[in-house]
Every structure is written in structure tokens, then in C-alpha cells.
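Reading the structure
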Amino acid sequence: GLVDCHCHLSDPDFDGDLDDVLEKAKKANIVAIVAVAEHSGEFEKIIQLSKRYSGFIFPCLGVHPVQGLSLEDQRSVTLKDLDAALPIIENYKDQLLAIGEVGLDFSPRFAGTDEQKEEQRQVLIRQIQLAKRLNLPLNVHSRSAGRPTINLLREQEAETCETVTFDIYLLRNRFTCTRTRKTGTK
């Protein structure tokens, strides 16, 4: 089977037909879905979905580098956004598959200043530290910031928080998602 390791099931677009979407996914040989968050307003919904579809939907909570509920109000993440999210993540830490969706997004529309880029870096650093402390993998976003994201992950020794490999145990079978390194090793 296949694992969808990055799905935004908490998006309101799924509210009307989620059961149908999940049934089609199962028919397409999807055996697990990792539901990622972008902001703390989605956390409760993702947790509830993971309980309702236990063993099929796995929660991943984190703060995305772009915040805003609609396209018109999107903006770069702030430490204040992260501070609001951390207590909720801590509350559900034992239920999480990973921390995410986290990362850097240096698109000029969202991060047009050095200060905004640095604040995104600080938000990501704190989430890397959280993932390391909780021994959870990261689900990482990068747009217009590939090298800075990779460099920051290396600087923070993110490999120690299982960013390279994580396991999903489902129906007594083991499914492993891995990222192959440039050297060809896993």
C-alpha cells in the first residue's frame, strides 16, 4: 500500500465529502494518510479526524511559515503564532506522528524583509527543537528557500529528530517512509 505523507484534510474543502474522498483513497491502495496542519486553528480538527479514522489518519501538528486563513490575508509567520500553538501541540504530543508542516517560505509576497525571514528561521528552529525533544520527525515545507531550509536543518542537527526515517504501524504491518540521501544510503 501507499502512504500519503502530506495531506491537508482539515481544509474546509473536504467538509462536504471527506468520507467519499477517504473511500476513494482506500480504493487507490492508500493505507495511511498523514494529516498536516498549517496553523493552530486546525489542530483540534486534525486530532478529531485522527480519532474518527483511527489507524488511517495520523496527526501532524505544526506552524507553517505562511499564516492566514484566506489568500487575501496570508502573511509570514511570527513567534506569536508559534507561542499560541505550542501548548496545544504539547497537549497532544503523545498522539502525534510528526511535527509539521513547518519550514521556510521566502516568497517575496510573504517574506519580503530580512526581519520576516529571520522570524521564520526562529519559528522553525523552535519547532526543530520541539521535534528533537519529543523524538518526532518533521514534515518540512520549503518554497523559494530550498538551500536556507536544508542548511538550517543541518545547523540544528535535525537528523537526530528522525527527519530522515519514520515508521507507521498500521494493522500489524510496518510501512516506512524514507528520504534517500544524495549518497544513496537510507
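Report follows, based on the coordinates. No experiment lies behind these values; they were computed from the predicted model shown.

1. Some remarks on the sheet that holds strand S2 (residues 30-36)
- Taken together, the five strands give an open sheet; going across it, the order is S1-S2-S3-S6-S7, and neighbouring strands pair in parallel fashion. Since the sheet does not close on itself, it has two edges, and those belong to strand S1 (2-7) and strand S7 (138-143), each with one partner. Across the sheet, the mean angle from the axis of one strand to that of its neighbour is 25°, orientation sign disregarded.
- As paired strands, S2 and strand S3 (residues 57-61) are joined by four bridges and run parallel to one another. For Ala-35, the partnering residue across the bridge sits in S3 and is Pro-59.
- Relative to S3, helix H2 (residues 43-52) is tilted by about 160°, and along the sheet it contacts S2 and S3.

2. Some thoughts on the nonpolar core
- Membership of the largest hydrophobic core comes to 43 residues, with the highest contact counts inside it found for Leu-9, Leu-61 and Ile-99.
- Among the secondary structure elements, those contributing two or more residues to this core are helix H1 (18-27), S2, H2, S3, helix H3 (79-91), strand S6 (98-105), helix H4 (114-134) and helix H5 (146-155).
- The element that contributes the greatest number of residues to this core is H4, accounting for seven residues.
- Residues within four places of Leu-61 in sequence aside, it is in contact with Ala-37, Phe-43, Ile-46, Ile-47, Ile-89, Tyr-92, Leu-96, Ala-98, Ile-99 and Gly-100.
- With seven residues, the next largest nonpolar core counts Val-36, Phe-58, Leu-97 and Ala-98 among its residues.

What counts and how
Residues numbered from 1 in each chain as written. Predicted model: local features only at pLDDT ≥ 70, side-chain atom pairs only at ≥ 80, totals over all residues. Heavy atoms only, no water. Pairing = 2+ DSSP bridges. Helix = DSSP H or I, 4+ residues; strand = E, 2+ residues; numbered from the N terminus. Axes fitted to C-alpha atoms, helices over the stretch in contact; angles between N-to-C directions. Contact = heavy atoms within 4.5 Å. Core = buried A, V, L, I, M, F, W, Y, C linked by side-chain atoms within 4.5 Å. Buried < 20%, exposed > 50% of the residue type's maximum accessible area, 1.4 Å probe, protein only.

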